[in-house]
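Below, each chain spelled out in residue letters.
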Amino acid sequence: MKLTPPADAPRARKVAATDTHHGITRTDNYAWLRDENWRDVMRDPTVLDKDIRSYLEAENAYTDKALEPLADLRETLFNEMKGRIKEDDSSVPSPDGPYAYYTRYEEGSQHPIFCRRPRDAENGEAEEIILNGNVEAEGEAYFKLGDVAHSPVHRLVAWSADRKGSEYFTIRLRDLETGKDLADEVPDSSGGVVWDATGTSFFYTQVDDEHRPLKVFRHVVGTSAQADTLVYEEKDPSFFAGVGETQSRKYIVIDTHDHQTSEIHLIPADAPELSPRLVAAREEGVEYDLEHDAERQRFLILTNAEGAEDFKVMEAPEATPEREHWKDFIPHKPGTLLLGHVAFRNHYARMERQGGLPRIAIRRLRDDAEHEIAFAEEAYDLSLGAGYEYDTSRMRFSYSSMTTPAEVFDYDMETRERTLRKRQEVPSGHNPADYVTRRIFATAPDGTEVPVSILHHKGTPIDGSAPCLLYGYGSYGISIPASFSIAALSLVDRGFVYAIAHIRGGKDKGYRWYTDGKLFNKKNTFTDFIAAGEHLVAENFTSRGNIVAQGGSAGGMLMGAVANMAPDLFKGIIAEVPFVDVLATILDASLPLTPPEWNEWGNPIESKEAYEYMASYSPYDNARAQAYPHLFALGGLTDPRVTYWEPAKWVAKLRELKTDDNALLLHINMDSGHGGASGRFERLKEVARVFAFALAVTERA
């Protein structure tokens, strides 16, 4: 089946709006699609301007009409992906004192059920349901849980939920003895909750009208939110504030940061009324994160201080943690990027990435003896789970690859014994031997070797005839793991090659991999992705013009850039919540995320050089009269990260300019935000829709 777009595509009216910066005037004919009342829309979508709503609904109706012939395929794909999910699945219980806590799903349910049982009970024995997400979501068009955090004395649970998709979470308290919620209600939080040591109060971050988490409050159980104590206020709007705790649970950690600088304040968990204590004052370009070695009364500090580009670990006395007292604990090793860490009573675990692949290193603290946990596959994903407890020799990690479903292990850090606790079940069946995973390297225009992870069925001919879905992100230092995907199999089983381009802007090959893909190096991200596609063609995994590119958020910006730069390489583009109106967004300091973004992209308000560089790649500003691939853009009305008008404006401008007859589709979810539809099955329906698009444009439907 071939995708043939209807002829009656919506046309947005043109209303010229101009702005001038650094003597340069831009004209934007579709700026009217941004509702000036956008702050209120985030909280109440019904107040959206009627003309804007009318246009968005017309675009949605057009997309529904275009995709209507794919309805059966979408249903088939959805059922396939759903069939790979164990519907009554549950997590491995995590012990904490007298209980073990876990989540589970019931067959047919959308949301998790949070449970506990006595620590040594068998599966299902003496289960106590803490919170049933399905009950809380009843009657809601959108529902997402933010946090479900039990108190240290195991009597209360603080839980938060977003009911609009706008990421304003309301925190409530549930009494586990009665199963009822208390009167406490804390609105406008970022969702996370951290209890003090006694369980009589908790800390949270408040989100302001610009959706910036700048204030940390303390709420005392049984009091009104209006009486909450302001514990910390971040004065710099380019920084975000967050709150957490050390693994020892001895300290509440207030972390403020942008994308390249951080600062930490500490509060003793058993004295939550005390003022926060500064560890080390922020220094531009210096990041640090700490863990507490309570046994030795010191902090272990993961940092890039003193030019440690790939980070190192330093230590400081608990009584004097200021910067002048830091000294090396694990020296900097160029090429080995330290990603995260956790301190237990007798062991210290850290995540590293070397040669583009992750590993876990364990250090025994009494004698500093070290060993590593690593795997032999060409491409895989590894994650470290700290759990709730500090005085333990057991940690938990999970492993998967593009062919291997996720496996969860308990690992004894002292004896090095691995215990398999769970293997991801694929009820409809999965034989890893039927698939091939590869890791190849594409050469970027500047000679840099770019890793590409590949999955295909062993029966797929590697002669250039296969279509390819190429996924990419490449921003904020985020690395896309080569992990198992139940969704990707639906493409691979239909003859697709599925590939992930580990492009610059992430940290796949170290911290410099990130800095080489940001600010005035941002175009490397785009040329790396194009090089990955061209290398897949050169190696006969696919052919030119038979690649569907996919990316979301900043990866959606990537999609817009490569569609402008190399349209003939791609058959289709899937851009989910795409950050495509880059220049206009980063010029507007009133938008939620703009000030913290300046050290990622540049500040075009103050710098003409930054303005001109961003203008040279911003997808919306560089849309032109040329042939484009088939394109499907998706957004969310209440998205505070990538506002709905970015994809809406982009599609309107492309429809005006493009010279081809290919499909150009826009869908704005009127009931959700950045993460798309809520509920595990509703999300699968969205995946089925974009995969049906990919199959149709490559004529594999």
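Up top you'll find the structure we're talking about.
Just so you know, these numbers come straight off a predicted model, no measurement behind them.

1. A closer look at the overall build of the protein
Here is step 1: Counting its regular elements, the protein contains 13 helices and 38 strands.
Here is step 2: By the compact-globule yardstick of 27 Å for 701 residues, the protein fits well, its C-alpha radius of gyration being 25 Å.
Here is step 3: Its C-alpha atoms give the protein principal-axis dimensions of roughly 70 × 55 × 50 Å.
Here is step 4: Looking at the protein residue by residue over its 701 residues, the buried ones come to 58%.

2. Overview of helix α7 (residues 523–538)
Here is step 1: Its 16 residues give α7 an end-to-end C-alpha distance of 22 Å, which sits within 8% of 22 Å, the value for a rise of 1.5 Å per residue.
Here is step 2: For α7, the complete set of buried residues consists of Asn524, Thr525, Phe526, Asp528, Phe529, Ile530, Ala531, Ala532, Gly533, His535 and Leu536.
Here is step 3: One or two positions beyond α7, positive phi appears at asparagine 540, with a value near 65°.

3. Remarks on the sheet that holds strand β28 (residues 394–400)
Here is step 1: In spatial order, the strands read β27-β28-β29-β30; together these four strands make up an open sheet with antiparallel pairing. In the strand order of this sheet, the two ends are held by β27 (381–385) and β30 (418–423), each with one partner. Each strand of the sheet is rotated relative to its neighbour by a mean of 25°, with strand direction disregarded.
Here is step 2: Summarising the sheet, β27 and β28 pair through five bridges and their orientation is antiparallel.

4. A look at the packing of aromatic side chains
Here is step 1: One pass over the full model with this rule turns up 26 aromatic pairs.
Here is step 2: A cation over a ring is seen here: arginine 363 above phenylalanine 329, with NZ or CZ 4.9 Å from the ring centre.
Here is step 3: If you follow lysine 685 out to its NZ or CZ, it ends over the ring of phenylalanine 78, 5.6 Å from the centre.

5. Topic: the pattern of salt bridges
Here is step 1: Counted under the stated rule, the structure contains 65 salt bridges.
Here is step 2: Its salt-bridge partner being lysine 50, residue aspartate 51 comes within 3.6 Å of it at the nearest N-O pair.
Here is step 3: On the accessibility criterion, aspartate 51 (35% relative accessible area) is partly exposed.
Here is step 4: The shortest N-O distance in the salt bridge between glutamate 185 and arginine 172 comes to 3.5 Å. Here the residue glutamate 185 occupies a position in strand β10 (residues 181–189), and arginine 172 occupies one in strand β9 (residues 169–175), the gap between them amounting to 13 residues.
Here is step 5: Using a relative accessible area of 44% as the deciding quantity, one classes glutamate 185 as partly exposed.
Here is step 6: The class for arginine 172 is buried, based on a relative accessible area of 19%.
Here is step 7: One salt-bridge network, held together by shared partners, links Arg350, Glu352, Arg359, Arg363, Asp368, Glu370 and Glu372.

Cut-off values and rules
Residues numbered from 1 in each chain as written. Predicted model: local features only at pLDDT ≥ 70, side-chain atom pairs only at ≥ 80, totals over all residues. Heavy atoms only, no water. Helix = DSSP H or I, 4+ residues; strand = E, 2+ residues; numbered from the N terminus. Rg over C-alpha atoms; globule rule 2.2 N^0.38 Å. Buried < 20%, exposed > 50% of the residue type's maximum accessible area, 1.4 Å probe, protein only. Expected span 1.5 Å × (residues − 1). Pairing = 2+ DSSP bridges. Axes fitted to C-alpha atoms, helices over the stretch in contact; angles between N-to-C directions. Phe/Tyr/Trp six-rings, centres within 6.5 Å; stacked < 30°, edge-to-face > 60°. Lys NZ or Arg CZ within 6 Å of the ring centre and 35° of its normal. Salt bridge = Lys/Arg side-chain N within 4 Å of Asp/Glu carboxyl O.

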